[in-house]
Amino acid sequence: MEGENPPIQDIQPWKAIDTVYTNEKAGMDSVDKDLIKRVIYEASKDSNFFKKDEEKRKQTNERIARLKEKLAKVTEDEMKRYHATVRDSIRSAERERHLSRIWIHVDMDAFFASVEELDDPSLKSVPMAVGSIGMISTANYIARRFGVRSAMPGFIGKQLCPQLALVKPNFRRYKEKSEETKEVFRIFDPDFESGGLDEAYLDCTAFASVHGISGEEIAEQIRNLVMEKTKLTCSCGVACNKMLAKICSDKNKPNGQFFLSPNIAAIKAFVKDLPVRKIPGVGCVTEQLLNGFGINTCGDVIKNAHVIAAVFTPLTLSFLLTSSLGISTAFHGKKPAPGELSRKGISCEHTFTAKEDENTLLQMVGSLAHELSAAMASESIEGLTVTVKLKLSDFTVRTRSLTLLSPISDPESISRIASKMLRKEFPVKLRLLGIRMSGLSPIANANGKPKGNSKGS
DNA sequence: GCGGATCAC
DNA sequence: TATGGTGATCCGC
Ligand SMILES: Nc1ccn([C@H]2C[C@H](O)[C@@H](COP(=O)(O)OP(=O)(O)OP(=O)(O)O)O2)c(=O)n1
Ligand SMILES: [Mg+2]
């Protein structure tokens, strides 16, 4: 009976597309998702980008097929052992369950776009995105109703919403506003962990106990103070660990908060039908892999954990199980030890209209090397490994790296090594070049003042 | 150590 | 016409 009708994606191919910007996101309720996918498909289908995307989709499907074969070969005895592994894994995860900490995840609403609206209030009433015709960083909530999203090229945004206003990004402004929010966060947790310009994790346990107030009350205060300080809205999630707090901060976005009661029953109910994609760390691909085994929610993860044990690595199993049980970090991570750097790599890369002229490309590597070297100098760091990144005109990405015997940071050395690696790839037609340095250490220079988290002596 | 992939923002 | 930049981590060699 199978195969009489062609699969739906052959008749309506846009239904199969599933990129970063077709996913669920705050502010995307009540939009015609099928129409949006169709516009995106029509705008994309003849591009190199789309071809590469299709290739990746195919690759993911092959990966699912391989995993299924692997599962089929598992014997009954082995499966029994996987069940045991799962039981152990759950037991040890449960030992890390902490209900008594109060975590708040704060996330600014449509951050870049909101800053632009602040600086030009006329933008508040129109669909607007920050970015260029080539790439959108984020969109305000009016534009989101048209399907305009982060990581979507501006020209597609325009097709979804012809009135869309595109505003050039002002990173310095975003950094300034971000610093303002941090002044507020410090009040509630001096050790708050910042995750980029627009979000932070606050362990508010001590603050709550000292002031005799609840997590929800603290979240209200944070939102009020952030508004007072920045004139911007944010959303908060209140829960007993970082992951749950983060998921909660998305629940009542924008300008809202959500409190998850710190008891097992509430957490179990919260997590039961939660789509795996909501777990931070589970992206498009992992979601597809799991869906391939009928695993769609955290509840499904628990029920089918033996399947996961059979086809994924122990680390992935442990991560998915722990997360799906609603367990995650409940204490601040260690601060980098003195002399240790807070970052592990530093890089710069640029996209341009595809070029194949070797001298031009070599010259670009040289200027990247200078740019990177200057960034390293400003932090007084040097590195052992040089990695060159190439993106071919068909969007294939290649990296080539070399680890040295002693660290470097001067533009000439970086340029020389990067150029040598680039030369080996000729002839190529590139749309992007990048250089990254890793294996970093502070320059133990007497007069250069090490910045960042490295301690000077 | 290397290269490709995945993920977050 | 046109699909970003930066940093981290994991897996399988
Ligand atoms: N692929 C992405 C995602 C985000 N950003 C930038 C622009 C956003 O304003 C900022 C914060 O990212 P969020 O995911 O928190 O998105 P927003 O704050 O814009 O919207 P939301 O209200 O959903 O949090 O990071 C970006 O440049 N590229
Ligand atoms: Mg945000």
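Per an unreviewed UniProt entry, chain A is named DNA polymerase kappa, and its organism is Polytomella parva. Listed under Catalytic activity (unreviewed entry) in UniProt, the entry text for chain A is "DNA(n) + a 2'-deoxyribonucleoside 5'-triphosphate = DNA(n+1) + diphosphate". Annotation of chain A in UniProt includes, under Sequence similarities (unreviewed entry), the sentence "Belongs to the DNA polymerase type-Y family."

Caption draft 1: Looking closely at the protein's contact with DNA strand C. Close to DNA strand C lie 27 residues, the nearest being Ser44, Arg343, Ser347, Thr351 and Arg431. Protein-proximal atoms of DNA strand C, defined as those within 4 Å of the protein, fall in sugar or phosphate at a share of 58%. Note that a phosphate oxygen of DNA strand C is positioned 2.4 Å from one of the side-chain N or O atoms of Arg343. Backbone polar atom of Glu349 to a phosphate oxygen of DNA strand C: 2.8 Å apart, as the coordinates give it. Counting only elements with at least two residues in the surface near DNA strand C, the list comes to helix H7 (154–160), helix H16 (314–324), strand S9 (345–355) and strand S12 (430–442). By residue number, the principal contributor to the surface near DNA strand C is S9, which donates seven residues. Of the residues belonging to the surface near DNA strand C, the class tally is 13 nonpolar, ten polar and four charged.

Caption draft 2: Quick look at the site of ligand 1. Around ligand 1, a shell composed of 14 residues is seen, among which Lys25, Ala110, Thr138, Tyr141 and Arg144 lie nearest. Take Phe111: an N or O atom from its main chain is 3.1 Å from an oxygen atom of ligand 1. Between an oxygen atom of ligand 1 and a side-chain N or O atom of Arg144, the distance comes to 2.7 Å. A total of 550 Å² of accessible area belongs to ligand 1 in isolation, and the protein chains cover 72% of it. Elements with a contribution of two residues or more to the shell around ligand 1: strand S1 (103–108), helix H5 (111–119), strand S3 (136–139) and helix H6 (141–144).

Caption draft 3: Representation of the confidence of the model for chain A within the structure. The pLDDT averaged across chain A works out to 94; a share of 95% of its residues lies at or above 70. The low-confidence segment residues 451–457 (pLDDT under 50) makes twelve contacts with residues lying over four places distant or belonging to another chain. The complex prediction reports pTM at 0.95, with the ipTM value standing at 0.98.

Caption draft 4: View of the sheet that holds S3. The strand order S3-S2-S4 describes an open sheet built from three strands, whose pairing is mixed. The strands lining the two open edges of the sheet, one partner per strand, are S3 and strand S4 (165–167). Between one strand axis and the next, the sheet turns by 30° as a mean value, whatever way the strands run. Bridging between strand S2 (residues 128–131) and S4 involves three bridges; their strand directions are parallel. Bridge pairing in S4 places Met128 opposite Ala165. Seen against the sheet, H5 touches S2, S3 and S4 and runs at an angle of roughly 110° to S2.

What counts as what
Residues numbered from 1 in each chain as written. Chains lettered and ligands numbered in written order. Predicted model: local features only at pLDDT ≥ 70, side-chain atom pairs only at ≥ 80, totals over all residues. Heavy atoms only, no water. UniProt positions renumbered as here; feature names shortened; annotations may be inferred. Near = heavy atom within 4 Å. Polar contact = N/O pair within 3.5 Å; in protein donor to acceptor, adjacent residues only side chain to side chain. Helix = DSSP H or I, 4+ residues; strand = E, 2+ residues; numbered from the N terminus. Nonpolar A, V, L, I, M, F, W, Y, C, P; charged D, E, K, R; others polar. Areas by Shrake-Rupley, 256 points an atom, 1.4 Å probe, with all protein chains shown as cover. pLDDT = per-residue confidence, 0-100. Contact = heavy atoms within 4.5 Å. Pairing = 2+ DSSP bridges. Axes fitted to C-alpha atoms, helices over the stretch in contact; angles between N-to-C directions.

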